[in-house]
Amino acid sequence: MKGLIVIPAHNEAENLAHVIADLRAHVSASQVDLLFVDDGSKDDSVSVLKAQHVHFVRHRTNLGYEEALKTGIHYGLNHAYDFVGFFDSDGQHRACDLLLLIEAMESGEVDVVQGSRMLSQEHTMRGARFLGGKLFALVTSLITRQRFTDTTCGLKLIRRHFLGVTLSIPSQDMHGELLVALVGSGARCCEVPIYVDLRMAGKSMHSVRTAVLYPIRTFLCIITAAIGNWQANDCDGEAL
Amino acid sequence: MTPQSMLVISLFIVGTMVWILHNLRQRRLTAGQAGFWLILLAGAEVLTLFPSLADVVGRLFRDDLLPVSWISFAGLLSLIVYLLYLSMKVNRQREEFVRLVRELALKEEHKPGEAPDDDA
């Protein structure tokens, strides 16, 4: 079983070297391949990726986090990987946690492995973000009738059979709405406790403006995912 | 409506129609978009020149709608429908754009150890 870990990056030049070093130190090339997706960065991200000799593709313009993930998914489908995972490039995820997710996926008992900050002893979510995260998790749990503690975590793995669902749902960040659609299509999901560090450098993609729009969009996507009829397939027809 | 008001409104409408045709010629508007606005303006021109028509239409409704009410409502409805149509069209174009950017990205894949290509 071989997986592809997609690492979307937008203006993350300051964090990339650390993220690459962490992944190289913990993740074996026999387990997974790494694919960085530069999402039209204006800083030196591309130079860093080249200097670090990593495998990457580059959007000529910024398309957004979700589209960068989808580019990685298309790559995974084109190259017959057994599963595709997402790992953030801002230095908040730990590569050692990724191993736990891979282990769960390799057990063959689940199709989707979701990282959860809430299951770990300590987490860095505070204030509105914490409350929002709890609320999204609650809504997702109620709809799927399965307990989720953290749906807004970007660290997750999805088995190939269900990648078609990720490409077809109306989504904004592939969080709660994705889990709703995946459970609806028959995927077996589980959560694995992970630790998330504070962002090391650079700016978050979320701002005051997105903080207002984000919950509205997310709930809209979750509702759309809940009323849709999502079918898993081997998604060969979806590949670009 | 006084003849002077009719003249000013008619001139404004005709001027806008000429401007739309100019934009169509300059390919800043498509024929479909220009056609929509020309039909809307032509309707406004007819109602400007023959205001009694608005009363006739108003009387067709059981509640005997005031001309200004149904014209405002019809105008607003047309704009909402057209804006919705444009939103969908913009989204279709965006999806095509995303597909092309993605296709290019996947074609220009950078593998470690490969010679650097020209990133123009």
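These remarks concern the structure in this document. Note that the coordinates shown come from a computational prediction; the quantities given were computed from them, not determined experimentally.

Structural notes on the sheet that holds strand β3 (residues 56–59) of chain A
Residues and elements named next belong to chain A. Read across the open sheet, the seven strands follow the order β3-β2-β1-β4-β6-β5-β7; overall the sheet is mixed. In the strand order of this sheet, the two ends are held by β3 and β7 (189–193), each with one partner. Ignoring strand direction, the axes of neighbouring strands in this sheet form an average angle of 20 degrees. Bridge analysis of strand β5 (residues 112–116) against β7 gives five bridges, and the strand direction is parallel. Residue V113 lies in a different strand from β7, and its bridge partner there is C190. Packing against the sheet, helix α4 (residues 95–106) makes contact with β1 (3–9), β2 (32–39), β4 (83–86), β5, β6 (156–159) and β7, and its axis sits at approximately 25 degrees to β6.

Observations concerning the state of the cysteines
Residue and element names in this part refer to chain A. Within this structure, the stated rule accounts for zero disulfides over all chains. The closest cysteine sulfur to the non-disulfide-bonded C190 is located on C189, 7.9 Å from its own sulfur. Here C221 is not cross-linked by a disulfide; its sulfur's nearest cysteine counterpart is in C189, at 18 Å. The class for C221 is buried, based on a relative accessible area of 11%.

Here we look at the layout of surface pockets
All names here are of chain B. Reported here for the second largest pocket is a volume of approximately 390 Å³. Around the second largest pocket, the lining is made up of 15 residues, and of these L40, G43, A44, L47 and I71 lie nearest the centre. Among the elements of the structure, α2 (31–49) and α4 (67–107) are those that each provide at least two residues to the lining of the second largest pocket. Looking at the lining of the second largest pocket element by element, the count peaks at six residues for α4. The residue makeup of the lining of the second largest pocket, split by class, is eleven nonpolar, four polar and no charged.

Conventions adopted
Residues numbered from 1 in each chain as written. Chains lettered and ligands numbered in written order. Predicted model: local features only at pLDDT ≥ 70, side-chain atom pairs only at ≥ 80, totals over all residues. Heavy atoms only, no water. Pairing = 2+ DSSP bridges. Helix = DSSP H or I, 4+ residues; strand = E, 2+ residues; numbered from the N terminus. Axes fitted to C-alpha atoms, helices over the stretch in contact; angles between N-to-C directions. Contact = heavy atoms within 4.5 Å. Disulfide = S-S within 2.5 Å. Buried < 20%, exposed > 50% of the residue type's maximum accessible area, 1.4 Å probe, protein only. 1 Å grid on protein atoms, 1.4 Å probe; cavity = no way out; pocket = protein on both sides within 12 Å on 5 of 7 lines; lining within 4 Å. Points joined across faces, edges and corners; volume = space filled by probe spheres on them. Nonpolar A, V, L, I, M, F, W, Y, C, P; charged D, E, K, R; others polar.

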